[in-house]
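# Structural description and commentary
Below, each chain spelled out in residue letters.
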Amino acid sequence: IASTTAFLATPAAPAALRGKQAISQRLTPSLGLRSPLLPAKLSASRSTATGALGLSAKVKAEYVWIGGRGGGGDDYRSKTRILDKMPKTVDELPLWNYDGSSTGQAPGEDSEVYLKPAFMCPDPMRSGDSILVLCEMLNPDMTPIPTNTRTAAAKIFEGHEAEEPWFGIEQEYTLFQDGVPLGWPKSTARPFGETSPLYQFGYPGPQGPYYCAVGYDVSFGRNIMEEHLDVCLAAGLEIGGTNGEVMPGQWEYQVGPCVGIDAGDQLHMSRYLLHRVCEDNGIVCSFDPKPIPGNWNGAGCHTNFSTKKMREDGGLAAITAACDAYGVNHEKHIKLYGAGNERRLTGDCETNSIDSFKYGVADRGASIRIPRFTDADGKGYLEDRRPASNMDPYVVTALIFDTGVLKGDTKAFDNIPSL
């Protein structure tokens, strides 16, 4: 994703990258306004004709949080709160709560979990004054519940703003309908010898013709990709691009460059919007790292990373030092890089084995890839190719920063469930 990750290597940054405050200032004026980027058909289909109904002006705030299965992308919950006025900052939004016993996050006898707003953006799925609010989940004593990884990640980034950690995340996903990926034939034949319910007879032709392909017989789900791209841009998210992937029915989009904790916030919100688009179209989105067994590419979440020092002259030394630290801490990272990642990191299909670590220049079979122009320029960024598509972006970005820049001794994520 050269067009996206090039920003991670350049010394000059867009205004939106100069801290979360700048990003908030950029988004706030547009909150509640229908973006011109949103297709007319979407805007029209979601129009509620508020004025004609004579309803009073209110703000629809969709509070979004991560459910009991954790931050792997397959368990987002949300509900709507009506506000009297549009908040100028996320700090103006009220605390709320939900029934944690119904999400696997609290016992029935003490079921209230608090929602603390952490990130907001315009809601492109609704008309009028509407916002999306991503929340942290807290116990009644205001401590984070086990599946709230944002609080710990934010503490790791806190106080290190001068490092200017930039992230560009490549999110891959697979689209399913009626139990099979888009573009795959349906079959009722029993898959003898296979335990995976996703295994099907009647496979499409070998992979190769489908990557970035154009055509009815080689591209499947473009309408979902286009609508998702539109709503993310309308929400003000930092989407850098999108493309068809190697396996039929598989796609990728890129989030970033984003600074620090904002990378996790934006990736989670983009995933939520992808599920909402799929919901509207009768499609299921999977972030499984190996949705189809055999000689088919898995789905990853390659994470590109740089700091101010890495982007400046002589920064290659800082990049290689970080890579050496990642090698020493490989086992620690891999345990937290997504459930089922061992099915993807086999050493085949553009991966390095999960049991070993290596980094190299322009090597897509390595654990960490150093782009060729970074090596040539002596500065730039690195790409961690190990994270699975279902990784928790709060955990992964914080680990990459902590290990590669700080002491690398955090134990904040040692007891996280569902990873």
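Residues numbered from 1 in each chain as written. Predicted model: local features only at pLDDT ≥ 70, side-chain atom pairs only at ≥ 80, totals over all residues. Heavy atoms only, no water.

### Describing the overall build of the protein
When you go through the protein residue by residue, the secondary structure sums to 12 helices and 14 strands. Buried residues in the protein amount to 54% of all 419 residues. Across the protein, every contact between residues at least 6 apart in sequence was considered, and the portion connecting residues at least 24 apart equals 68%. Carbon and sulfur atoms form 52% of the exposed surface of the protein, whose accessible area is close to 17700 Å². (Helix = DSSP H or I, 4+ residues; strand = E, 2+ residues; numbered from the N terminus. Buried < 20%, exposed > 50% of the residue type's maximum accessible area, 1.4 Å probe, protein only. Contact = heavy atoms within 4.5 Å. Areas by Shrake-Rupley, 256 points an atom, 1.4 Å probe, with all protein chains shown as cover.)

### Overview of the environment of G298
Along the polypeptide, G298 turns up in the loop between β10 (284–286) and β11 (303–306). Residue classification places G298 among the buried residues on the basis of a relative accessible area of 13%. Sequence separation of G298 and V246 is 52 residues, and the distance between their C-alpha atoms is 9.0 Å. Residues within four places of G298 in sequence aside, it is in contact with E172, Q250, P289, K290 and R344.

### Focus: the side chain of N304
Following the sequence through the fold, N304 ends up in strand β11. Overall, the relative accessible area of 0% leaves N304 in the buried class. Among the polar contacts made by the side chain of N304, one reaches the side chain of E170 at a distance of 2.9 Å. (Polar contact = N/O pair within 3.5 Å; in protein donor to acceptor, adjacent residues only side chain to side chain.)

### With respect to helix α9 (residues 316–328)
Between its terminal C-alpha atoms α9 stretches 19 Å, which fits the 18 Å expected from 13 residues at 1.5 Å a residue. Buried within α9 we find L316, A318, I319, A322, C323 and Y326. The buried residues of α9 occupy an angular sector of 160° when projected down its axis, which confines them to one face. In α9, the exposed residues that point more than 90 degrees away from the buried face are A317 and V328. (Expected span 1.5 Å × (residues − 1). Arc of directions from axis to C-beta.)

### Brief notes about the pattern of salt bridges
On inspection of all chains with the given rule, the structure shows 17 salt bridges. The residue D84 makes a salt bridge to K58 at a minimum N-O spacing of 2.6 Å. Taken together, the positions of D84 in the loop between β2 (76–83) and β3 (96–99) and K58 in the loop between α4 (50–53) and β1 (59–66) put the pair 26 residues apart, joining distant regions of the chain. Taking relative accessible area as the criterion, D84 reaches 63% and is therefore assigned exposed. Assessed through its relative accessible area of 38%, K58 is described here as partly exposed. Via salt bridges that share partners, R69, D74, D75 and R77 belong to a single interconnected network. (Salt bridge = Lys/Arg side-chain N within 4 Å of Asp/Glu carboxyl O.)

### A short note on unusual backbone geometry
Residues G256 and P257 are joined by a peptide bond in cis, for which omega reads 5°. Position of P257 relative to the elements: it lies in strand β9 (residues 250–259). Positive phi outside glycine occurs at M142, with the angle close to 70°. Here M142 is to be found in the loop between β5 (130–138) and α5 (150–157). Positive phi outside glycine occurs at E164, with the angle close to 50°. Looking at where E164 falls in the secondary structure, it is placed in the loop between α5 and β6 (166–177).

### Digging into the confidence of the model for the protein
In the predicted model, the protein carries a mean pLDDT of 86, and 82% of its residues have values of at least 70. Counting interchain partners and residues more than four positions distant, the pLDDT-below-50 stretch residues 14–41 has 49 contacts. Note on residues 47–54: pLDDT under 50 across the span, and 5 contacts to partners over four residues away in sequence or across chains. (pLDDT = per-residue confidence, 0-100.)

### Details of a negative patch on the surface
Together, D99, E109, D110 and E112 make up a region of like negative charge exposed at the surface. Positionally, D99 belongs in strand β3. (Patch = residues over 30% accessible without salt bridge, like charges linked within 9 Å, V, L, I, M, F, W, Y side chains within 5 Å. Lys, Arg positive; Asp, Glu negative; His and termini not counted. Charge placed at Lys NZ, Arg CZ, Asp CG, Glu CD.)

### A few points about the pairing of β3
Side chains W96 and Y98 of β3 all project onto a buried face; the interleaved residues N97 and D99 project onto a face where none is buried. Two elements, β3 and strand β4 (residues 112–122), share 4 bridges in a ladder whose sense is antiparallel. Opposite D99, over in β4, you have E112 as the bridge partner. (Pairing = 2+ DSSP bridges.)

### With respect to the packing of α9 against helix α12 (residues 393–404)
Geometry of a packed helix pair, given as the angle between the helix axes and the separation of the axes. With their axes 8 Å apart at the nearest point, α9 and α12 run at an angle of 110° to one another. Between α9 and α12, the crossing angle belongs to the class labelled roughly perpendicular. Two packed elements cross with a definite hand, and for α9 against α12 that hand is right-handed. For the pair α9 and α12, contact is made by A322, A325 and Y326 and by I400, T403 and G404, respectively. Per-class residue counts for the contact of α9 with α12 are 4 nonpolar, 2 polar and no charged. (Axes fitted to C-alpha atoms, helices over the stretch in contact; angles between N-to-C directions. Parallel < 35°, antiparallel > 145°, perpendicular 65-115°, else oblique. Left-handed = near helix turned anticlockwise from the far one by under 90°. Nonpolar A, V, L, I, M, F, W, Y, C, P; charged D, E, K, R; others polar.)

### A look at the nonpolar core
Residues Y173, L175, L237, L273 and F413 are the most contacted members of the largest nonpolar core, which totals 89 residues. Non-local contacts of F413, meaning those with residues more than four positions away in its chain, are made with T149, A152, A153, I156, L336, Y394, V395, A398 and L399. Counting residues in each nonpolar core, the second largest holds 5 residues, with V180, M247, I292 and W296 among its members. (Core = buried A, V, L, I, M, F, W, Y, C linked by side-chain atoms within 4.5 Å.)

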